[in-house]
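Secondary and tertiary structure notes
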Amino acid sequence: MGAVRYPSASPTERGTTLAVPKRKTSKQRRDTRRATHAIGAERLGRCPRCQSPVRTHHVCGVCGYYRGRPVVEIEP
């Protein structure tokens with residue numbers, strides 16, 4: 001015998017229950033999970049050409065080079 005379908009009824013009208021946590025999430029468990037969401041400091045490296053600080057995997061804003069190649073022309 002198959003299940004009865006109620007196409008227009010909401011889950012509570014059909015007699016089914018919604019997902020509800022069995023226990024309250026403790027403050028420690030909640031905060032431990034959120035600890036990984038913090039924004040960290042930017043990773044800075046040195047440009048191999050001019051030795052100025054530059055974000056990793058970005059074009060140097062001083063000389064315009066990326067991975068040893070000129071990418072952007074910098075006006076003096």
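The preceding data block contains the structure.
Cut-offs used in this document
- Residues numbered from 1 in each chain as written.
- Predicted model: local features only at pLDDT ≥ 70, side-chain atom pairs only at ≥ 80, totals over all residues.
- Heavy atoms only, no water.
- Salt bridge = Lys/Arg side-chain N within 4 Å of Asp/Glu carboxyl O.
- Buried < 20%, exposed > 50% of the residue type's maximum accessible area, 1.4 Å probe, protein only.
- Helix = DSSP H or I, 4+ residues; strand = E, 2+ residues; numbered from the N terminus.
- Phe/Tyr/Trp six-rings, centres within 6.5 Å; stacked < 30°, edge-to-face > 60°.
- Lys NZ or Arg CZ within 6 Å of the ring centre and 35° of its normal.

So, the pattern of salt bridges
The full count for this structure, using the stated rule, is 2 salt bridges. When the shortest N-O distance is used, the salt bridge between Arg30 and Asp31 registers 2.9 Å. With relative accessibility at 38%, the residue Asp31 sits in the partly exposed group. A salt bridge links Arg55 to Glu42; its shortest N-O distance comes to 3.9 Å. Residue Arg55 is found in strand β2 (residues 53-55), and its partner Glu42 is found in the loop between α1 (27-34) and β1 (44-46); the two are separated by 13 residues along the sequence.

A look at the packing of aromatic side chains
For the structure shown, the criterion picks out 0 aromatic pairs. When the ring centre of Tyr65 is taken as origin, the NZ or CZ atom of Arg49, which lies over that ring, is 3.9 Å away.

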